[in-house]
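Here is what each chain is made of, one letter per residue.
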Amino acid sequence: MTRTFTGAFARNFLGNAPDWYKLAIVAFLVVNPILLYTAGPFITGWLLIGEFIFTLAMALKCYPLPAGGLLALQAVAIGMTSPETVYHEALKNFEVILLLIFMVAGIYFMKDFLQFTFTRLLVRVQSKIFISLIFCFLGAFLSAFLDALTVTAVIIAVAFAFYNVYHRFISGLDLLCAHDLCCDNKFKEIQRQELIQFRGFLRNLMMHGAVGTALGGVCTLVGEPQNLLIAGEMGWEFITFFINVAPVSMPVLAVGLLTCILVEKFKLFTYGAEMPGNIRSHLLETEIEMEAKRGKQGRARLVIQALTGIWLILALAFHLAAVGIIGLSVIVLLTALNGVVEEHNLGHAFQEALPFTALLVVFFAIVAVIHDQHLFAPVINYVLSLKGNTQLAAYYIANGLLSMISDNVFVATVYISQTKMHITQSLGLIPDIGMTGAELMDKLTAAGTLRADVYTTLPQSAAEQAKTIMDQFDKLAVAINTGTNIPSVATPNGQAAFLFLLTSALAPVIRLSYGRMVVLAMPYTITMSLTGLLATYFFM
């Protein structure tokens, strides 16, 4: 009986994760305190970072929150950081938390309009190159103002709905019957070949759209969670962020769109799959039926969502409020004007973002360990010992490589916080500033403050030194932002939108595996990463 009860605990621990994964986490939890008291906090801290990156890399086996959270809790318990430091890190990045909670939920209520847009494109544009370019560009444009995860969710929903409709049609079933979308055994050979081709077509479009979210996400303050985090550390607003990042983000955007055209034209890396004509005809008929069923009330909802989208873009561009508060205004407008008044319907909007929000706070706990134990000091000091554009390129490469195997939000959080700490120390070494380095940094990065006004309060020599230091800090922040956003398209580990696509219900039915996603992302990884590196070195 004891053995059975013990076995039940073992089976419950981390749920359906593989046994080897469970054993690895247990081993981490056992080794960490032993190593802390034998090898010291510095080595144990680096081991903890490796363990946490392991949980991120194995996200397909087990979502990183439970296992990574256990490691973070243990780090606090054995004294590698304190609850106060964790709280301080979370409080410092509260605007990012608001973004994830309210903006993602706000965009959830715009899904009908976004699905309407993508649906019409999918069934009415016949050129594969053109539809691929449109998906990539729209993914970029929408992610620049909305949220990459939600934009990806929308294109997944559109693709899944159409695959579902056609698969049931050739199976002779209606939409209400239970049906296995992965099973092709009952189809004739010609139908099976058409489905294989249709899956390839959808895989191509999903990857073009997902890469598009990365292309647009790097450009603006709200495109990715780490963008807002970096902007908060730097005191940048929406327009300021866009202008600072543009020397790198705009060339990368152009090369990314060109890559989309080339891989489709020359059918590289399994791109170039076409939609069979009879499938297009059936989907067009289905889209016309859906349009007829929408009625005046449905069309009125689309109009409200479109107008709210315009409000969202204007509010962000003119920085009318904190990003999360603008997201909350979107929730209020869309639920009130479109009649979403039941609590359970409101609750669905928050399901996508809250797990990642909790995981982000766990990130902050690991960052707190890095701060308290000064783990990144040797690496940061080495990179900062480099001069000029070589330093910027080193930052871009270091952030890019880590983001390929880890989560880009985690990497950006660590690098921007540690770099700011180093720059603050450099400001403190300037003579005759009449304040501490931290006080001067607070003034120079305060939201809405012109740095020129702060410089005028300093002696001329001190002002010139402070300006030189802060100009380089701006460039380093851009290198961190672009380094974590662009090369991370290489694997699903780095981009939350890619991981969301890989773990969605659509992935198994269109046969989108981890390996296939890496292959499909490869041309973008190569061209965009190299362009970003060259732009960082020559244009900054």
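Engineer: Quick rundown of the overall build of the chain? Include the residues and the values.
Structural biologist: When you go through the chain residue by residue, the secondary structure sums to 25 helices and 0 strands. For the chain, the C-alpha radius of gyration of 25 Å lies close to 24 Å, the compact-globule estimate for 540 residues. Taking the principal axes of the C-alpha coordinates as reference, the chain spans close to 80 × 65 × 50 Å. Taking as baseline every contact in the chain between residues at least 6 positions apart, the subset at least 24 positions apart corresponds to 76%. Counting every atom, the chain has about 22,800 Å² of accessible surface; 68% of that belongs to carbon and sulfur. Charge-centre separation for the chain: the mean point of 31 positive side chains lies 11 Å from the mean point of 33 negative side chains.

Engineer: Can you explain a nonpolar patch on the surface? Please cite residues and give values.
Structural biologist: Judged by side-chain polarity, L258, L262, F266, L268, F269, V519, M522, I526 and L530 come together as a nonpolar surface patch covering roughly 770 Å² of accessible area. Counting residues per element, the nonpolar patch draws most heavily on helix 25 (residues 514-539), which supplies 4 residues. With respect to the secondary-structure elements, L262 resides in helix 12 (residues 238-265).

Engineer: If you had to explain the environment of A157 to someone new, which residues and values would you point to?
Structural biologist: One can find A157 in helix 9 (residues 148-171). Placed 46 residues apart in sequence, A157 and K111 show a C-alpha to C-alpha distance of 9.3 Å.

Engineer: Would you mind going over the nonpolar core in detail, with residue names and values included?
Structural biologist: Within the largest apolar cluster, 166 residues are counted, with the highest numbers of intra-cluster contacts made by M206, Y395, F410, L427 and L501. Considering every element that reaches this core, the biggest residue donor is helix 16 (residues 354-373), with 12 residues.

Engineer: Tell me about the confidence of the model for the chain, and please be specific about residues and values.
Structural biologist: When pLDDT is averaged across the chain, the result is 85; 95% of the residues are at 70 or more. Helix 12 holds the highest mean pLDDT among the elements of the chain, 95, whereas helix 9 holds the lowest, 75.

Engineer: Lay out the pattern of salt bridges in plain terms, naming residues and giving numbers.
Structural biologist: Taken as a whole and judged by the stated rule, the model has 4 salt bridges. Salt-bridge contacts for E233 lead to K420; the nearest nitrogen and oxygen are separated by 3.0 Å. Residue E233 is located in helix 11 (residues 225-234), and its partner K420 is located in helix 19 (residues 408-428); the two are separated by 187 residues in the primary sequence. Grouping residues by exposure puts E233 and K420 together as buried. Here K467 and D471 are joined by a salt bridge, their closest N and O atoms 2.9 Å apart. Of the two residues, K467 and D471 both sit in helix 22 (residues 460-485), 4 residues apart, roughly one turn of that helix. The exposure class of K467 is partly exposed, given its relative accessible area of 42%.

Engineer: Explain the environment of A336 to me, and be specific about the residues and the numbers.
Structural biologist: Summarising the element assignment, A336 is placed in helix 14 (residues 323-337). Expressed as a C-alpha distance, the spacing of A336 and T503, which sit 167 residues apart in the sequence, is 33 Å.

Engineer: Which residues make up empty space enclosed by the protein, and what values go with them?
Structural biologist: Once rolled over the atoms, a probe with the size of a water molecule shows which space is left empty. Tallying each qualifying case throughout the model produces 2 cavities of 30 Å³ or more. Considering only enclosed or pocket space, the second largest cavity measures out at about 30 Å³ in volume. Taken together, L122, F135, I155, V158, A159, L202, L205 and M206 make up the full set of residues lining the second largest cavity. When contributions to the lining of the second largest cavity are tallied by element, the ones reaching two or more residues are helix 9 and helix 10 (189-217). Per-class residue counts for the lining of the second largest cavity are 8 nonpolar, no polar and no charged.

Engineer: Could you give me a rundown of the environment of I243, with the residues and numbers involved?
Structural biologist: Following the sequence through the fold, I243 ends up in helix 12. Exposure remark for I243: the relative accessible area of 55% places this residue in the exposed category. In this structure, the C-alpha to C-alpha distance between I243 and T220, residues 23 residues apart in sequence, is 9.1 Å.

The rules behind each value
- Residues numbered from 1 in each chain as written.
- Predicted model: local features only at pLDDT ≥ 70, side-chain atom pairs only at ≥ 80, totals over all residues.
- Heavy atoms only, no water.
- Helix = DSSP H or I, 4+ residues; strand = E, 2+ residues; numbered from the N terminus.
- Rg over C-alpha atoms; globule rule 2.2 N^0.38 Å.
- Contact = heavy atoms within 4.5 Å.
- Areas by Shrake-Rupley, 256 points an atom, 1.4 Å probe, with all protein chains shown as cover.
- Lys, Arg positive; Asp, Glu negative; His and termini not counted.
- Charge placed at Lys NZ, Arg CZ, Asp CG, Glu CD.
- Patch = residues over 30% accessible without salt bridge, like charges linked within 9 Å, V, L, I, M, F, W, Y side chains within 5 Å.
- Salt bridge = Lys/Arg side-chain N within 4 Å of Asp/Glu carboxyl O.
- Core = buried A, V, L, I, M, F, W, Y, C linked by side-chain atoms within 4.5 Å.
- Buried < 20%, exposed > 50% of the residue type's maximum accessible area, 1.4 Å probe, protein only.
- pLDDT = per-residue confidence, 0-100.
- 1 Å grid on protein atoms, 1.4 Å probe; cavity = no way out; pocket = protein on both sides within 12 Å on 5 of 7 lines; lining within 4 Å.
- Points joined across faces, edges and corners; volume = space filled by probe spheres on them.
- Nonpolar A, V, L, I, M, F, W, Y, C, P; charged D, E, K, R; others polar.

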